[in-house]
Amino acid sequence: MNICVVGTGYVGLVTGVVFADLGNEVVCVDKDERKVELLRSGRSPIYEPGVEELIGRGMEEGRLRFSTDLARAVRESEVVFIAVGTPSLPSGDPDMGQVEQVAREIAGALNGYKIIVNKSTVPVGSGNYVRDLITRYAAADVDIDVVSNPEFLREGQAVYDTFNPDRIVIGATNQRAAMKIMELYAPLERPMLMTDLASAELIKYASNCFLALKISYINAISRLCEKAGADVTLVAKGMGYDQRIGAAFLQAGLGYGGSCFPKDVAALISTGDKYECDMGILRSVQKVNDAQPVHFVSKIRDTLGGLKGKTIALLGLAFKPNTDDLRDAKSIEITALLTKEGATVRAFDPAAAERFESLYPQLYYAANAYDAAEGADAVALVTEWNEFKQLNLERLRAVMRQPYLFDGRNIYNPARVRAAGLVYEGIGRPREPERA
Ligand code: UGA
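Residues numbered from 1 in each chain as written. Predicted model: local features only at pLDDT ≥ 70, side-chain atom pairs only at ≥ 80, totals over all residues. Heavy atoms only, no water.

K.L.:
Explain the site of the ligand residue by residue, including any values.
P.N.:
By nearness alone, 20 residues border the ligand, and Phe152, Leu153, Lys204, Asn208 and Gly257 come closest of all. Between glutamate 151 and the ligand, the recorded distance is 3.4 Å, taken from a backbone N or O atom to an oxygen atom. A distance of 3.4 Å separates an oxygen atom of the ligand from a polar atom in the backbone of phenylalanine 319. Relative to its unbound accessible area of 710 Å², the ligand is 91% covered by the protein chains. (Near = heavy atom within 4 Å. Polar contact = N/O pair within 3.5 Å; in protein donor to acceptor, adjacent residues only side chain to side chain. Areas by Shrake-Rupley, 256 points an atom, 1.4 Å probe, with all protein chains shown as cover.)

Shown next as structure tokens:
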């Protein structure tokens, strides 16, 4: 099938390269010429395991192209995926500016029946809105169908998720369009759910917000654990065995970040307001999430007896492991809080340090975790990269000025940390070892 994917961000690029790998003729379009040039040279503008291999293979086999010419790509395609960004506006609503722009350009390029697929995360009602826009701006009577096909991939494992989705949701207004999109996904042999447009659009938000809710729920429980002397990792483990609850997304920590959960929770609250449907439950999710980094810094401040003049080593800057993405990364807020109170920050991240440096050029950027910990009063683990799980804690302790380890993601065994001569403080875990 001839496909065009507009937008080469995480969703667009991964969708495009995977469809090419499945045997389709794919053109990935972006208005950013530099990005398109980079892609044509076989390199990925995003840090994502496996993407460059797929770009290389797709181009080599002649099924994958990159272009800035949206009109031509639309004319050559049967199916056009819209996968442009919808960042948050101050109101919490997603900014639909790029979607609108693309819809207008598609309208101007139509030369026959097309299926327009919304892959960007867009509020309920957007499918109809895109159809109306295209119909309004098209020169002649148009024959199009608009389909909602939300994406559920995670950064850091986007290629795997795209080949192995838990489900494929196809929201359409008629069989003709739904069947065509089903055909595209058939080789994956994964469960497919056909719905109306509005339901598909809401499935995406309802899913992300539910996962955010799970995280805030366990973070709220972690606060109670701290007061009551319980260990949230054990509480979560015990909860997770219940199949109705499940173990995933019960990892207490510094809260959720990234480009999706904070934005989608805000957007669903705003959608609720529009439909006069109070989403108070999601306001609580936000409140718990906002409090986590502030609470983490308070722990460091209280333990060290103030932050002025103290040196803190931050391990991990990306919003989660296996990405260099800093959108809504907890490291940003934690650095702001620490430096505001006069602490010196020494930072290390395996992939995101360079990007972070443009936000905070005054920090010391270490070559590795041990270098970051040199002379530090405390080490604060912010992102749970695998390499931090394997640290030699004795070596870490040996270079530090004071022995405090703040584990913002609960990745360490407290007894093991204490055995290395460090004082351990996690999230929702007892301060002192349990007395026998
Ligand atoms: C999320 C969803 O998981 C994807 O299904 C969805 O497609 C994507 O948003 C999107 O809407 O595009 P992503 O933001 O890439 O994916 O990352 P996640 O792995 O879901 O992590 C989100 C945040 O939650 C991270 O900051 C992570 O540290 C945090 N988290 C996750 C926790 O604090 N605790 C957990 O137990 C799990």
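K.L.:
Mind laying out unusual backbone geometry, listing which residues take part and the relevant values?
P.N.:
If you check the backbone angles, phenylalanine 249 has positive phi at about 60 degrees while not being a glycine. If you trace the backbone, phenylalanine 249 turns up in the loop between helix H10 (232–240) and helix H11 (261–274). Residue glutamate 276 is not a glycine yet carries a positive backbone phi of 50 degrees. Relative accessible area serves as the criterion here: at 76%, glutamate 276 is assigned to the exposed category. (Helix = DSSP H or I, 4+ residues; strand = E, 2+ residues; numbered from the N terminus. Buried < 20%, exposed > 50% of the residue type's maximum accessible area, 1.4 Å probe, protein only.)

K.L.:
Lay out empty space enclosed by the protein with the relevant residues and their values.
P.N.:
Applying the stated rule across the entire model yields three cavities of 30 Å³ or more. Volume-wise, the largest cavity comes out at about 100 Å³. Lys119, Glu151, Pro165, Ile168 and Tyr185 are the residues nearest the centre of the largest cavity, which is lined by 13 residues in total. Listed by contribution, the elements that provide at least two residues to the lining of the largest cavity are helix H7 (158–163) and strand S7 (168–171). When grouped by side-chain class, the residues that make up the lining of the largest cavity number seven nonpolar, two polar and four charged. (1 Å grid on protein atoms, 1.4 Å probe; cavity = no way out; pocket = protein on both sides within 12 Å on 5 of 7 lines; lining within 4 Å. Points joined across faces, edges and corners; volume = space filled by probe spheres on them. Nonpolar A, V, L, I, M, F, W, Y, C, P; charged D, E, K, R; others polar.)

K.L.:
Describe in detail the packing of helix H1 (residues 10–21) against helix H3 (residues 51–60), supporting the description with residues and values.
P.N.:
Close contact between H1 and H3 brings their axes to 9 Å; oriented N to C, the two are set at 45 degrees. With respect to their mutual orientation, H1 and H3 come out oblique. Handedness of the H1/H3 crossing: left-handed. Judged by residue contacts, Leu13, Val14, Val17, Val18 and Asp21 of H1 engage Val51, Leu54, Ile55 and Arg57 from H3. Across the contact of H1 with H3, the residue classes tally to seven nonpolar, no polar and two charged. (Axes fitted to C-alpha atoms, helices over the stretch in contact; angles between N-to-C directions. Parallel < 35°, antiparallel > 145°, perpendicular 65-115°, else oblique. Left-handed = near helix turned anticlockwise from the far one by under 90°. Contact = heavy atoms within 4.5 Å.)

K.L.:
An account of the nonpolar core is needed here, citing residue identities and associated values.
P.N.:
Counting 61 residues, the largest nonpolar core has Ile312, Leu314, Leu317, Leu338, Leu393 and Tyr412 as its most contacted members. Residues within four places of leucine 393 in sequence aside, it is in contact with Leu405, Tyr412, Arg416, Val417, Ala420 and Leu422. Ranked by size, the runner-up nonpolar core spans 37 residues in total, among them Val17, Cys28, Leu54 and Leu184. (Core = buried A, V, L, I, M, F, W, Y, C linked by side-chain atoms within 4.5 Å.)

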